[in-house]
Amino acid sequence: MNRTPKLVRGCCGIGLWALLLTPTWANWQDAVPGAQIIGSGDFSVFGFDVYSARLWSAARPLADGQPFALELIYRRKISRDDLVSTSVEEIKRLAGPRVTSAQLAGWQTQMQQSFVDVQAGTRITGVYLPGQGARFFVGQKLQHEIEDPQFAKAFFDIWLDPRTRSPELREQLLGVKR
């Protein structure tokens, strides 16, 4: 006769289901197999360090149609709302009329779920998945996934578009030498 209490058996069953339902991409490295650092740099505003950035990819140089990860290690306290509003403004500036107000509003809501309030040492990694969208990890934990390829391109263009506000950081991330 099985003397294991029903509650214990039930909890073990729930744990097994949770394990079986855990995605295979439990950390960002699983989404970018063979990732290596392509480049890195620091971003500062008015002399204040904001974050250090590293671009990871299996393809070197970064190739179109390949997944990559952009890792940001924050150097100061910044609210989630400030991260989101700055991202929305940069997407709007770079994308112009290609992005509607309704899209921006939807993306803003998605970014609210993707980001957290940060402080010195907080690490947020965004993973670009061509044709699929983006995943955002805080540390090694998946925070949120946005299944919208247009959003993913617009978001990562903040750093990688030639019209970025920080062309020096872009060149460092892409490993481009002047």
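This structure is a prediction, so every number in the text was calculated from the model and none was measured. (Residues numbered from 1 in each chain as written. Predicted model: local features only at pLDDT ≥ 70, side-chain atom pairs only at ≥ 80, totals over all residues. Heavy atoms only, no water.)

Enquirer: Before we go on, may I ask you to explain the overall build of the protein in this structure?
Expert: When helices and strands are tallied, the protein shows six helices and six strands. Tracing the protein from N to C terminus, the helices and strands come up as α-α-β-β-β-α-α-β-β-β-α-α. Every one of the 178 residues in the protein was classed for burial, and the buried ones make up 39%. Taking the intrachain contacts of the protein between residues at least 6 apart in sequence as the baseline, contacts between residues at least 24 apart amount to 57%. As displayed, the protein has an accessible area near 10,400 Å², and 55% of this comes from carbon and sulfur atoms. (Helix = DSSP H or I, 4+ residues; strand = E, 2+ residues; numbered from the N terminus. Buried < 20%, exposed > 50% of the residue type's maximum accessible area, 1.4 Å probe, protein only. Contact = heavy atoms within 4.5 Å. Areas by Shrake-Rupley, 256 points an atom, 1.4 Å probe, with all protein chains shown as cover.)

Enquirer: So what exactly am I meant to see when it comes to the nonpolar core here?
Expert: A general trend in soluble globular proteins is that nonpolar side chains are found buried together. Of all hydrophobic cores here, the largest spans 38 residues; its most connected members are Ile91, Met111, Phe151, Phe155 and Trp159. Going through the elements one at a time, β2 (48–57), β3 (68–74), α3 (80–95), α4 (101–114), β4 (123–129), β5 (133–138), α5 (149–160) and α6 (167–174) are the ones with two or more residues in this core. Take this core: its biggest share by element is eight residues, from α5. Not counting residues within four places of it along the chain, the set of residues in contact with Trp159 comprises Tyr51, Leu70, Leu72, Thr164, Leu169, Arg170 and Leu173. (Core = buried A, V, L, I, M, F, W, Y, C linked by side-chain atoms within 4.5 Å.)

Enquirer: Explanation requested: the packing of aromatic side chains in the structure shown.
Expert: Any pair of aromatic rings gets described here by the distance separating the centres and the angle formed by the planes. All told, the structure shown has 14 aromatic pairs when counted by the stated rule. When the centroid spacing of 5.9 Å and the interplanar angle of 40° are considered together, the rings of Phe115 and Phe155 count as tilted. In this pair, Phe115 is assigned in the loop between α4 and β4 and Phe155 in helix α5, connecting sequence segments 40 residues apart. Pairwise contacts between aromatic rings join Phe68, Trp107, Phe115, Tyr128, Phe136, Phe151, Phe155, Phe156 and Trp159 into one cluster. (Phe/Tyr/Trp six-rings, centres within 6.5 Å; stacked < 30°, edge-to-face > 60°.)

Enquirer: Would you mind showing me how to read the pairing of β5 here?
Expert: Across a regular strand the side chains alternate sides, sitting on one face of the sheet and then on the other. Of all six residues in β5, five are buried, a share of seventy percent or more. As paired strands, β4 and β5 are joined by six bridges and run antiparallel to one another. The partner of Thr125 across the bridge, within β5, is Phe137. Hairpin geometry of β4 and β5 is characterised by an intervening segment of three residues between the two adjacent antiparallel strands and by a positive phi of about 75° at Gly131. Counting the residues between successive antiparallel strands, the hairpin from β5 to strand β6 (residues 141–146) contains two residues, one of them, Gly139, with a positive phi of roughly 65°. (Pairing = 2+ DSSP bridges.)

Enquirer: When you look at the pairing of β4 in this model, what are you seeing that I'm missing?
Expert: With six of its seven residues buried, β4 lies for the most part within the structure. Both β3 and β4 contribute to a ladder of six bridges, which runs antiparallel. Bridging from a neighbouring strand, Leu72 pairs with Ile124 of β4.

Enquirer: I would appreciate a short explanation of the sheet that holds β4 in the present structure.
Expert: Within a beta sheet, neighbouring strands are joined by backbone hydrogen bonds and run either parallel or antiparallel to one another. What the six strands build is an open sheet, ordered β1-β2-β3-β4-β5-β6; its pairing is antiparallel. Both outer strands of the open sheet, β1 (36–45) and β6, are each paired with one neighbouring strand and no more. Neighbouring strand axes in the sheet, compared pairwise and without regard to direction, differ in orientation by 20° on average. Relative to β6, β5 runs antiparallel, the two being bridged by five bridges. Each residue of the ladder has a partner; that of Val138, found in β6, is Lys141. (Axes fitted to C-alpha atoms, helices over the stretch in contact; angles between N-to-C directions.)

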